[in-house]
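# Survey of secondary and tertiary structure
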Amino acid sequence: MKKLLCAILALCLLIPATGMAAKEVVNVFNWEDYIDRSVIEQFEQETGITVNYMCFTTNEDMLVQVEANPGAFDVVFPSEYCVERLNGKGLLAEINYDNIPNSKYLREELMNPSYDPESKHSVPYMGGTLGILYNTKMVDEADVSTWGVLWNQKYAGQVLMMSSIRDAMGIALRYQGYGMNSTDYTALRAAADLLIKQKQTGMVKAYGLDEFKDKMVAGEAALAIVYSGDAQYAINLNPDLAYSVPNEGSNVWMDCAVIPKAARNISNAEKFIDFLCRPDIAAKNCEEIGYVTPNTGALELMDEEYKNSYVMNPSEEVLARCEYFNDLEPAWLNVYVTLWNEVTNAKAQ
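A few points on the structure. As the structure is a computational prediction, the values presented were derived from the model and not from experiment. (Residues numbered from 1 in each chain as written. Predicted model: local features only at pLDDT ≥ 70, side-chain atom pairs only at ≥ 80, totals over all residues. Heavy atoms only, no water.)

### A short note on the overall build of the chain
Quick reminder of the rule: The helix and strand labels rest on DSSP assignments: H or I over at least four residues marks a helix, E over at least two residues marks a strand, and numbering proceeds from the N terminus. Atoms counted for the radius of gyration: C-alpha only. Globule rule: 2.2 Å times residue count to the power 0.38. Throughout this description, buried means an accessible area under 20% of the type-specific maximum (1.4 Å probe, protein chains only), exposed means over 50%, and partly exposed covers the range between. Two residues form a contact once any of their heavy atoms are found within 4.5 Å. Accessible surface is estimated by sampling points in the Shrake-Rupley manner with a 1.4 Å probe; for residues, cover comes only from the protein chains shown. Charged residues are defined here as Lys and Arg on the positive side and Asp and Glu on the negative side; His and the ends of the chain fall outside this count. By convention, the point assigned to a charge is CZ for Arg, NZ for Lys, CD for Glu and CG for Asp.
Looking only at helices and strands, the chain features 13 helices and 10 strands. In terms of overall size, the chain behaves like a compact globule, its C-alpha atoms giving a radius of gyration of 20 Å where 349 residues would be expected to give roughly 20 Å. Summarising its shape, the C-alpha atoms of the chain cover approximately 65 × 45 × 35 Å along the three principal directions. Counting only residues that meet the buried cut, the chain has 58% of its 349 residues in that class. Long-range contacts, defined here as pairs at least 24 residues apart, represent 76% of the contacts in the chain between residues at least 6 apart. Only carbon and sulfur atoms are counted for the fraction: they give 49% of the accessible area of the chain, which is about 14,500 Å². In the chain, 27 positive and 48 negative side-chain charges are present, and the distance between their average locations comes to 4 Å.

### Here we look at the sheet that holds strand β3 (residues 75-76)
Strand pairing in a sheet relies on backbone hydrogen bonds. The paired strands run either parallel or antiparallel. Heads up, the condition is: Following DSSP output, two strands are said to pair if at least two bridges run between them. Helix axes are fitted only over the stretch in contact, all axes being lines through C-alpha atoms; the angle between N-to-C directions runs from 0 to 180 degrees.
Reading across the sheet, the 3 strands line up as β2-β1-β3 and stay open at both edges, with parallel pairing between neighbours. Each edge of the open sheet carries a strand with a single partner, namely β2 (50-56) and β3. Strand direction decides the pairing type here: strand β1 (residues 25-31) and β2, joined by 7 bridges, are parallel. Considered in β2, the bridge of Val26 is made with Val51. Along the sheet, helix α2 (residues 59-68) contacts β1, β2 and β3; its crossing angle with β1, the most-contacted strand, is approximately 150°. Relative to the sheet, helix α8 (residues 266-277) contacts β1, β2 and β3, its axis offset from that of β1 by approximately 50°.

### Examining the packing of α8 against helix α9 (residues 279-289)
Spelled out, the test is: Each angle gets one of four labels, with under 35 degrees taken as roughly parallel, over 145 as roughly antiparallel, 65 to 115 as roughly perpendicular, and the rest as oblique. Residues are grouped as follows: Ala, Val, Leu, Ile, Met, Phe, Trp, Tyr, Cys and Pro are nonpolar; Asp, Glu, Lys and Arg are charged; all remaining types, including Gly, are polar.
Running from N to C, α8 and α9 point in directions that differ by 75°, and their axes come no closer than 5 Å. One way to sum up the angle between α8 and α9 is to call them roughly perpendicular. Judged by residue contacts, Phe275, Leu276 and Cys277 of α8 engage Pro279, Ile281, Ala282 and Asn285 from α9. Here the residues of the contact of α8 with α9 sort into 6 nonpolar, 1 polar and no charged.

### A closer look at the state of the cysteines
Selection rule: Note that a disulfide, as used here, is simply two cysteine sulfur atoms within 2.5 Å.
Taken as a whole and assessed by the stated rule, the structure comprises 0 disulfides. No disulfide involves Cys82; its sulfur sits 11 Å from the nearest other cysteine sulfur, which is in Cys256. Assessed through its relative accessible area of 0%, Cys82 is described here as buried. There is no disulfide at Cys286, and the cysteine sulfur nearest it, in Cys277, is 13 Å away.

### Re the environment of Ala190
Mapping Ala190 onto the fold places it in helix α5 (residues 185-200). The class of Ala190 is partly exposed, set by a relative accessible area of 21%. Taking the C-alpha atoms as reference, Ala190 lies 35 Å from Thr293; in sequence the two are 103 residues apart.

### Some remarks on empty space enclosed by the protein
Keep this limit in mind: The method works on a 1 Å grid over the protein atoms by themselves. A cavity is a set of points holding a 1.4 Å probe that cannot get out, a pocket is an open set with protein on both sides within 12 Å along at least five of seven lines, and residues with an atom within 4 Å of a point line them. Grid points are joined across faces, edges and corners, and a volume is the space filled by probe spheres set on the points.
With the rule as written, the count across this model stands at 3 cavities of 30 Å³ or more. Here the element with the most residues in the lining of the largest cavity is strand β4 (residues 123-135); it accounts for 4 residues. The class makeup of the residues in the lining of the largest cavity is 11 nonpolar, 2 polar and no charged.

### Considerations on the side chain of Asp255
Basically, it comes down to this: For this analysis, a polar contact is any N or O atom pair within 3.5 Å, provided that within protein one partner can donate a hydrogen and the other can accept it, and provided that sequence-adjacent residues contribute only side-chain to side-chain pairs.
In this structure, Asp255 sits in strand β9 (residues 250-257). Assessed through its relative accessible area of 0%, Asp255 is described here as buried. Within polar-contact distance, the side chain of Asp255 engages the side chain of Tyr34 at 2.6 Å. Of note is the side chain of Asp255, whose polar atom sits 2.7 Å from the side chain of Ser79.

### Remarks on the nonpolar core
Basically, it comes down to this: Only buried Ala, Val, Leu, Ile, Met, Phe, Trp, Tyr and Cys residues count toward a nonpolar core, and they belong to the same one when joined by side-chain atoms within 4.5 Å.
Within the largest apolar cluster, 116 residues are counted, with the highest numbers of intra-cluster contacts made by Leu150 and Phe272. With residues up to four places along the chain from it excluded, the contact list for Leu150 reads Val159, Met161, Ile171, Gln198, Met203, Leu223 and Ile225.

### Details of helix α3 (residues 80-88)
Within α3 the residues assigned to the buried category are Glu80, Tyr81, Cys82, Val83 and Leu86. As for α3, its buried residues are in contact with α2 and β9. Backbone geometry just after α3 places Gly90 at a positive phi near 70°.

### A closer look at unusual backbone geometry
Positive phi, normally seen in glycine, also occurs at Asn112, with a value near 55°. With respect to the element layout, Asn112 can be found in the loop between α3 and β4. The phi angle at Ser119 is positive, at roughly 50°, despite the residue not being glycine. Within the secondary structure, Ser119 sits in the loop between α3 and β4.

### Examining the packing of aromatic side chains
Definition in use: Centres within 6.5 Å are what make two rings of Phe, Tyr or Trp a pair, Trp counting through its six-membered ring; a difference in plane orientation under 30 degrees is then read as stacked, over 60 as edge-to-face, and the rest as tilted.
If you walk through the whole model with that rule in mind, you get 11 aromatic pairs. For the ring pair Trp151 and Tyr175, a centre distance of 5.2 Å and an interplane angle of 10° mean the geometry is stacked. Taken together, the positions of Trp151 in the loop between β4 and β5 (159-162) and Tyr175 in helix α4 (residues 165-175) put the pair 24 residues apart, joining distant regions of the chain. Judged by relative accessible area, Trp151 falls into the buried class, the value being 13%.

Given below as structure tokens:
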């Protein structure tokens, strides 16, 4: 749900707000289906604080709502690059970690990230990686150790390619030795040319995003670019599938809890975030959602299947070769968009 590219904003009340007369409330704005609903009930029972839970479907829609409705939300869950954008607009309060003692369970290597130096404005919630979901009966394992498989003629017409600008451009950049946040025009031009070549040489069966996991389960393609959560979903349904984060490196993403500067219930927001960082609660959410938990205490509570999963629980070696997406300055974002338009307008053979 982190990367759903849907144009319709869903402001839905997932959980009925009981006890509306209660003095204490916390207004939460999160992705759809991104929490174990029993966690909400447990928080309310333990604290007496009523949770008004609203949801969104894209970072961009969330940003519009936060800007347009100051004071409406106490806790929001943006992705890493949008944390940077919100903070750049002066919309985020600094996190008081004295009031979030369970933050001690957060993985050290995920703190002080490039999108939020010193972790002053965000607390990691759930994350994952970008990689290749492939059918082991159709693809040689050695081939998916590199992004070059996306241009390997052995798999012509069998590649499901992401239609996301940053993800597609990021893959082409890393394959050629550049960073995924590059603002070097030569590098970006080379990445776009490589994606155009991929299309013109008949490599791509289809462009898309969320539907890929089901297509791979059904055996409709040899390989697809997906997020790790979608990969695990597909692998659970089709044992012939496997997942790889290529050696050149990839994107690691993180959805975070933040407190808007205009929040009206900051103390309750801190209590809610601290509750989510409690190991038993973090484990419950992880089991429900299926993404990567940043919580070391939760990891100890997870079953062996999760602990041994290279998809849901990537090694430090894998994380070390991945990077976060950073928010781009408008001028450079326009360059990305212009070059991506060239890719989408190129004629496939």
